[in-house]
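Structural overview
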Protein chains: 2
Amino acid sequence: MQKKTFQFSSKTVTYYFDADFSYLEKLVNKEHAVIITDENVFDLHKKKFAGWKTIIIKAGEEFKVQSTVDLIIDQLIQSNADRKTFLVGVGGGVVTDITGYVASVYMRGIQFGFVPSSLLAMVDASIGGKNGIDVGVYKNLVGAINQPTFLLYDFSLLKTLSKSEWVNGFAEIIKHAAIKDAALFETLEKNSIGAYQKNKTALSKLIVRNAMIKSAIVKKDEFEKGERKLLNFGHTIGHAIENMQKLPHGHAISIGMAAACMLSEQLADFKSSARVVKILEKYGLPTKTDFKASKVFDVLKMDKKKEQTTMNYVLLKKIGQGIVKPIPVDELGELIQSITMAR
Amino acid sequence: MQKKTFQFSSKTVTYYFDADFSYLEKLVNKEHAVIITDENVFDLHKKKFAGWKTIIIKAGEEFKVQSTVDLIIDQLIQSNADRKTFLVGVGGGVVTDITGYVASVYMRGIQFGFVPSSLLAMVDASIGGKNGIDVGVYKNLVGAINQPTFLLYDFSLLKTLSKSEWVNGFAEIIKHAAIKDAALFETLEKNSIGAYQKNKTALSKLIVRNAMIKSAIVKKDEFEKGERKLLNFGHTIGHAIENMQKLPHGHAISIGMAAACMLSEQLADFKSSARVVKILEKYGLPTKTDFKASKVFDVLKMDKKKEQTTMNYVLLKKIGQGIVKPIPVDELGELIQSITMAR
C-alpha cells in the first residue's frame with residue numbers, strides 16, 4: 001500500500017493506493033458507516049459488502065438525479081444516520097458524485113470517503129471534491145465542492161470492469177496528458193489498453209500518476225478560479241452532448257476534445273490536432289458525432305463555465321500545455337457551427 | 001442607515017439596519033440578480049419588486065421542501081441564471097432558508113443576500129448561515145452552512161406583519177435573553193408587543209441588539225462545536241413537535257423552552273421556570289401542548305443535535321446563562337415522559 005496526503009483548503013485528503021477493500025475497516029467505524037454503491041458494483045463484489053450497512057442505487061448516469069438523492073436520504077433516516085455517520089461511496093463517478101453530494105447536505109454536512117471502482121473514477125471523478133447531480137440535460141448543475149476524507153484504491157476492482165469502462169477511463173487519462181504532461185502523452189502513444197491490462201505495475205503507476213496530476217491542479221485552485229479550469233478540456237461541448245445524446249462520459253469528452261483541438265488550431269495556433277485524434281481513436285474513443293450546432297449551443301448557454309456573455313474555453317497551445325481562453329458566447333456559436341460543418 | 005460587518009470563517013457579512021428596500025439596487029446588479037420571495041410578501045409589497053426578476057414560492061413551512069427547491073432551480077435555468085447570478089431572498093425564515101440553500105448548491109454555489117421581512121427572520125432566521133429544507137417531519141434535515149453576503153433590514157416591512165408573526169418573533173427574542181442577556185430579559189418583562197409596535201426607536205434597538213447577540217454567538221462558533229449550541233434552547237422538543245403538530249415555529253419553541261426550563265430545574269438547579277413561563281405567556285406564546293412522549297421521542301432520535309447515543313441539550317443555569325448538557329438519549333426518554341405527565 002502507498003499512502004499520500006493532499007492538504008486542501010478545508011480538509012486533508014488521504015489517498016491509499018494499491019490497498020485492499022478490507023482496509024476500509026481501519027479507516028471508518030463499521031458501526032457508524034453507511035456505504036453507498038450501485039447495483040452493478042454490489043452484484044459483482046457482494047462479499048466485500050458483508051457486514052456493512054449498504055444503500056444500493058440504480059446504476060447509470062440517468063440516476064444521478066435528485067430523486068436518487070431523495071431515496072438515499074430516506075434510507076439514511078431509516079437507519080438513524082446522524083452527524084457522526086460516515087458515508088462511503090463505493091463505485092464509479094456517479095456513485096462518488098452522489099455520495100459526496102448527499103454527505104454535503106445531509107444534516108448540513110457529514111464526513112465521507114470514496115472507494116472508486118472504475119478507472120475513470122480512480123483517475124478523475126472521485127478526486128477534487130466536486131460533487132453533484134444532473135438536472136435534465138444539464139450535467140452537475142446542482143452540487144457542492146467538498147473534499148472526501150480519504151480515497152481507497154483497490155486495483156482488484158478493475159478486474160470486473162467492462163471494455164467500454166476502460167475506454168471511458170482513458171479519455172480522462174489522455175486529457176491529463178494533453179493539458180499537462182507531454183511525456184505521459186508519448187508513453188500513451190506507445191501503449192494501448194490491452195498492454196496496460198496485462199501489466200499491473202504499469203497500470204498502477206499510470207493511475208497514481210494521473211491521480212497526482214489531477215490532485216496537484218485541484219490543490220492549486222480548489223474553487224476553479226484559474227488552473228483548475230484546464231481540467232474542463234473537452235468538457236464544454238462534451239457535457240453539452242453527453243446527456244443530449246446519452247453518450248458515455250468518455251465518449252462525449254473525447255468528441256469534445258477533438259472539437260476543442262480544432263478550435264485550438266483556429267484560436268491558439270495549435271498544430272497537433274491529428275495526434276490527439278489519433279491517440280483518442282487508438283484507445284477506442286470516438287472523435288465525431290452528428291450534433292446539431294444550434295441545440296448544442298442552447299445547452300452550452302447553461303454551462304457553469306459561462307460567465308454572463310463569455311465562456312471560459314480550454315484550448316491546447318501544444319501537447320502537454322492547456323490554456324484557458326475567454327470566448328464571447330456569440331462567437332462560440334459561430335465557431336461551433338464552423339466545426340460542425342467541417343465534419 | 002446603520003452598517004455593521006461580521007467576519008465569518010469564509011465570508012464577511014454586512015448588515016444594513018434601518019435601510020430602505022430600494023437600497024438593494026446599490027448592493028447588487030439588478031441585471032444579474034434574481035429575487036426569491038413568497039406569494040404573501042409579494043402581494044403585500046408588489047411595488048418594491050418592480051423591475052426585479054422574481055421567483056415567487058408558496059408561503060408556509062410546508063413548502064420548505066425539496067419540491068420547492070426543484071421549482072426554483074427550474075426557474076433559474078429558464079432565466080439563464082449562471083455562476084455570476086446573485087440570489088436575494090426577501091421574506092421570512094422559510095424564504096431565507098430556502099434561498100440560502102439553493103444558492104449553496106446551484107452550480108455548486110452562487111452569491112446570495114437576504115432582506116428579512118418578518119421579526120423572526122430579522123432577529124434570528126436570516127442570521128448565521130444555516131440554511132436548508134425539511135424532510136417529512138424532520139426540520140432542516142438537509143442543508144448547508146453558508147453565509148449571505150449581506151442582510152438588508154427595512155423595518156417598514158414589519159408594518160404588514162400579522163399579530164401571530166409578531167408573537168413568533170418574540171419567541172426567539174426571549175430565547176436570546178434567556179440564554180445570554182439577563183438585562184434584555186428584564187427589559188422584555190417591563191414591555192409588551194404593543195409597546196414595541198408603538199415605539200419605532202425601541203423596536204429598532206431591540207432588533208439590532210438581537211441580531212448582534214445571535215451574530216456574536218455564530219461568529220465565535222460558526223460550525224456549532226460549542227457556544228452556538230446555546231441557540232438551540234427550546235429547539236429540541238420544539239422542532240420535534242413543530243412539524244408533527246403543525247405549530248408556528250415560535251409556538252413550538254416556546255413550548256420547548258418551557259419544557260427545557262423544567263428539565264433545567266431537574267438537572268441544572270435552575271430556579272426561575274415560572275419567570276420564563278410568565279414572560280412567554282405575556283408575549284402571547286403557549287407553554288403547553290398535548291404531546292405523546294413516545295412520538296416526540298421517535299422524532300428526537302433523528303435530531304441533528306444527537307450524537308450517537310447522546311443528545312446535547314440546552315438548559316438554563318440562570319436567566320441569561322444557558323448551558324449545554326449531554327444527556328444520554330435513553331434518559332431523555334424518561335425525562336420527557338416525566339414532563340409530559342407533570343403537565
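A quick note: this is a predicted structure, and the numbers were derived from the prediction, not measured. Per chain, residues are indexed from 1 in the order of the written sequence. Ligands are numbered from 1 and chains lettered from A, in the order in which they are written. With pLDDT at 70 or above as the cut-off, local features in this predicted model cover only qualifying residues; side-chain atom pairs require 80 or more to be listed or tallied, and sums for whole chains, interfaces and linings still use all residues. Here the side-chain values reflect all heavy atoms present in the structure, with hydrogen atoms and water set aside.

Now for the relation of the copies chain A and chain B. Superposition of the copies was done by least squares, using only C-alpha atoms of residues whose pLDDT is at least 70 in both. With an RMSD of 0.0 Å, chain A superimposes on chain B once it is rotated by 180 degrees and translated 0.0 Å along the axis. Taken together, the rotation angle and the small translation identify this as a two-fold axis. A share of 100% of the interface residues of chain A reappears at the interface of chain B, consistent with the copies meeting face to face through the same patch. Here, two residues are considered to be in contact whenever any of their heavy atoms come within 4.5 Å of each other.

Contact with chain A, which involves 35 residues of that partner, is made by 35 residues of chain B. Values labelled buried area give the accessible surface lost by two parts on being combined, using a 1.4 Å probe and summing over both. Each partner contributes to the roughly 3,200 Å² buried at the junction of chain A and chain B, and carbon and sulfur atoms together form 58% of this total. Salt bridges are defined as contacts in which a side-chain nitrogen from Lys or Arg sits within 4 Å of a carboxyl oxygen from Asp or Glu. If you look at where chain A meets chain B, you find 0 salt bridges. Any N or O atom pair separated by 3.5 Å or less is treated as a polar contact, with the protein-specific requirement of one donor-capable and one acceptor-capable atom, and with residues adjacent in sequence counted only for side-chain atom pairs. Counting across the interface, chain A meets chain B through 7 residue pairs in polar contact (both at pLDDT 80 or more). Tallying contributions element by element places strand 8 (residues 138–145) of chain A first for the side of chain A that touches chain B, with 7 residues. A helix here means a DSSP run of H or I that spans at least four residues, while a strand means a run of E at least two residues long, and both kinds are numbered starting from the N terminus.

What follows concerns the side chain of Ser 126 of chain B. Residue and element names in this part refer to chain B. Positionally, Ser 126 belongs in the loop between helix 5 (119–125) and strand 7 (130–135). A polar contact of 2.7 Å, which involves the side chain of Ser 126, links it to the backbone oxygen of Ala 121. In this view, Ser 126 contacts Thr 96, Phe 114, Pro 116, Ala 121, Pro 148, Leu 151 and Tyr 153; residues no more than four positions away in its chain are not counted.

Okay, the packing of aromatic side chains next. Residue and element names in this part refer to chain A. Planes of paired rings set the category: under 30 degrees apart is stacked, over 60 is edge-to-face and the rest tilted, where pairs are Phe, Tyr or Trp rings (Trp by its six-membered ring) whose centres lie within 6.5 Å. Taken as a whole, this structure holds 24 aromatic pairs over all chains when the rule is applied. On the numbers, 5.8 Å between centres and 65 degrees between planes, the contact of Phe 21 with Phe 49 is edge-to-face. A residue pair is termed long-range when its members are at least 10 positions apart, and Phe 21 in the loop between strand 2 (12–17) and helix 1 (24–27) and Phe 49 in the loop between helix 2 (39–44) and strand 4 (54–57) qualify at 28 residues. One exposure class covers both Phe 21 and Phe 49, and it is buried. One aromatic cluster is present, formed by Phe 6, Phe 8, Tyr 15, Phe 17, Tyr 153 and Phe 155 through successive ring pairs. Exposure categories follow from relative accessible area, calculated using a 1.4 Å probe and restricted to protein chains: below 20% of the type maximum is buried, above 50% is exposed, and the middle band is partly exposed.

Bringing helix 6 (residues 163–180) of chain A into the picture now. Expected span of a helix: the number of residues minus one, times 1.5 Å. Between the first and last C-alpha of helix 6 of chain A there are 26 Å, a value that for 18 residues agrees with the 26 Å anticipated at 1.5 Å per step. The buried count for helix 6 of chain A comes to 14 of 18 residues, which makes it a mostly enclosed element.

With that settled, the discussion passes to the sheet that holds strand 12 (residues 321–328) of chain B. Residues and elements named next belong to chain B. Reading across from one edge, 10-11-12 is the order of the 3 strands in this open sheet, with antiparallel pairing throughout. Where the open sheet ends on each side, the last strands, each with one partner, are strand 10 (306–307) and strand 12. Pairing between two strands requires that DSSP report at least two bridges joining them. Where strand 10 meets strand 11 (residues 310–318), 2 bridges bridge the pair, whose relative direction is antiparallel. Bridging from a neighbouring strand, Lys 306 pairs with Met 311 of strand 11. With axes taken as lines fitted to C-alpha atoms, and helix axes fitted only over the stretch in contact, angles between N-to-C directions fall between 0 and 180 degrees. Here helix 11 (residues 249–267) sits on the sheet in contact with strand 11 and strand 12, set at roughly 80 degrees to strand 11.

Quick look at helix 4 (residues 93–105) of chain B now. Residue and element names in this part refer to chain B. Between the first and last C-alpha of helix 4 there are 18 Å, a value that for 13 residues agrees with the 18 Å anticipated at 1.5 Å per step. Counting buried residues in helix 4 gives 13 out of 13 residues, a clear majority hidden from the surface. Directly after helix 4, the chain includes Met 107, whose backbone phi takes a positive value near 50 degrees.

A few words now on the pattern of salt bridges. All names here are of chain A. Applying the stated criterion across every chain, the model contains 34 salt bridges over all chains. The shortest N-O distance in the salt bridge between Asp 43 and Lys 46 comes to 3.8 Å. When its relative accessible area of 51% is taken as the criterion, Asp 43 is described as exposed. The shortest N-O distance in the salt bridge between Lys 48 and Asp 154 comes to 3.9 Å.

This brings us to the packing of helix 10 (residues 235–244) of chain B against helix 13 (residues 293–300) of chain B. Residue and element names in this part refer to chain B. In the contact formed by helix 10 and helix 13, the axes pass within 9 Å of each other and the chain directions differ by 105 degrees. Classed by the angle they form, the pair helix 10 and helix 13 counts as roughly perpendicular. Across the interface between the two elements, Thr 236, Ile 237, Ala 240, Ile 241 and Met 244 from helix 10 touch Lys 295, Val 296, Val 299 and Leu 300 from helix 13. These descriptions rest on fixed angle ranges, namely under 35 degrees for roughly parallel, over 145 for roughly antiparallel, 65 to 115 for roughly perpendicular, and the rest for oblique.

Let us look at the sheet that holds strand 12 (residues 321–328) of chain A. The pairing of strands in a sheet happens through backbone hydrogen bonds and is either parallel or antiparallel. All names here are of chain A. In spatial order, the strands read 10-11-12; together these 3 strands make up an open sheet with antiparallel pairing. Either end of the sheet is taken by a strand with one partner, and the two such strands are strand 10 (306–307) and strand 12. Here helix 11 (residues 249–267) sits on the sheet and contacts strand 11 (310–318) and strand 12; the angle it forms with strand 11, its principal contact strand, is near 80 degrees.

Now for the nonpolar core. In this description, a nonpolar core means a group of buried Ala, Val, Leu, Ile, Met, Phe, Trp, Tyr and Cys residues linked to one another through side-chain atoms lying within 4.5 Å. Of all hydrophobic cores here, the largest spans 209 residues; its most connected members are Tyr 106 and Leu 188 of chain A together with Tyr 106 and Leu 188 of chain B. When neighbours within four sequence positions are excluded, Tyr 106 of chain B is seen to be in contact with Leu 141 and Met 302 of chain A together with Ile 73, Leu 76, Ile 77 and Ala 81 of chain B.

Geometry of a packed helix pair, given as the angle between the helix axes and the separation of the axes. Residue and element names in this part refer to chain B. Axis separation between helix 6 (residues 163–180) and helix 11 bottoms out at 7 Å; the angle between their running directions is 35 degrees. Relative to helix 11, helix 6 is oriented so that their crossing is left-handed. Contacts between helix 6 and helix 11 involve Val 167, Asn 168, Ala 171, Glu 172 and Lys 175 from the first element and His 249, Gly 250, His 251, Ile 253 and Met 257 from the second. Handedness of a crossing is defined here by the sense of rotation of the near helix relative to the far one, left-handed for an anticlockwise turn of less than a right angle and right-handed for a clockwise turn.

Turning next to the side chain of Lys 229 of chain B. Residues and elements named next belong to chain B. You can see Lys 229 is positioned in the loop between helix 9 (200–220) and helix 10. The class of Lys 229 is buried, set by a relative accessible area of 13%. The contact partners of Lys 229, leaving out residues within four places of it in the chain, are Asp 221, Glu 224, Glu 307, Asn 312, Val 314 and Val 324.

Below, the discussion takes up the environment of Ile 55 of chain B. All names here are of chain B. Checked against the element boundaries, Ile 55 lands in strand 4 (residues 54–57). Separated by 21 residues in sequence, Ile 55 and Val 34 have C-alpha atoms that sit 7.2 Å apart. The residues touching Ile 55, leaving out its near neighbours within four places in the chain, are Val 34, Ile 35, Ile 36, Thr 37, Ile 72, Gln 75 and Leu 76.

Put simply, a patch holds well-exposed residues, over 30% relative accessible area, that have no salt bridge, with like charges counted together within 9 Å and Val, Leu, Ile, Met, Phe, Trp or Tyr side chains within 5 Å. Method for areas: the Shrake-Rupley scheme with a 1.4 Å probe, in which residue coverage is limited to the protein chains shown. All tallies of charge rest on Lys and Arg as positive and Asp and Glu as negative; His and the ends of each chain are not included. Think of each charge as sitting on NZ of Lys, CZ of Arg, CG of Asp or CD of Glu. Together, Asp 70 and Asp 74 of chain A together with Asp 70 and Asp 74 of chain B give the surface a local cluster of negative charge. When contributions to the negative patch are tallied by element, the ones reaching two or more residues are helix 3 (66–78) of chain A together with helix 3 (66–78) of chain B. Within the fold, Asp 70 of chain A resides in helix 3.

With that settled, consider the pairing of strand 1 (residues 2–7) of chain B. For a regular strand, side chains alternate in direction, first toward one face of the sheet and then toward the other. All names here are of chain B. When strand 1 meets strand 2 (residues 12–17), the two strands line up antiparallel, connected through 6 bridges. Of the residues in strand 2, the one forming a bridge with Lys 4 is Tyr 15. Hairpin connection between strand 1 and strand 2: a loop of 4 residues separates the two successive antiparallel strands.

So, on to the pairing of strand 6 (residues 111–116) of chain A. Residue and element names in this part refer to chain A. Where burial is concerned, most of strand 6 is hidden: 5 out of the 6 residues are buried. One ladder, built from 6 bridges, connects strand 5 (residues 86–91) with strand 6; its direction is parallel. Paired with Gly 91 across the two strands is Pro 116, which belongs to strand 6.

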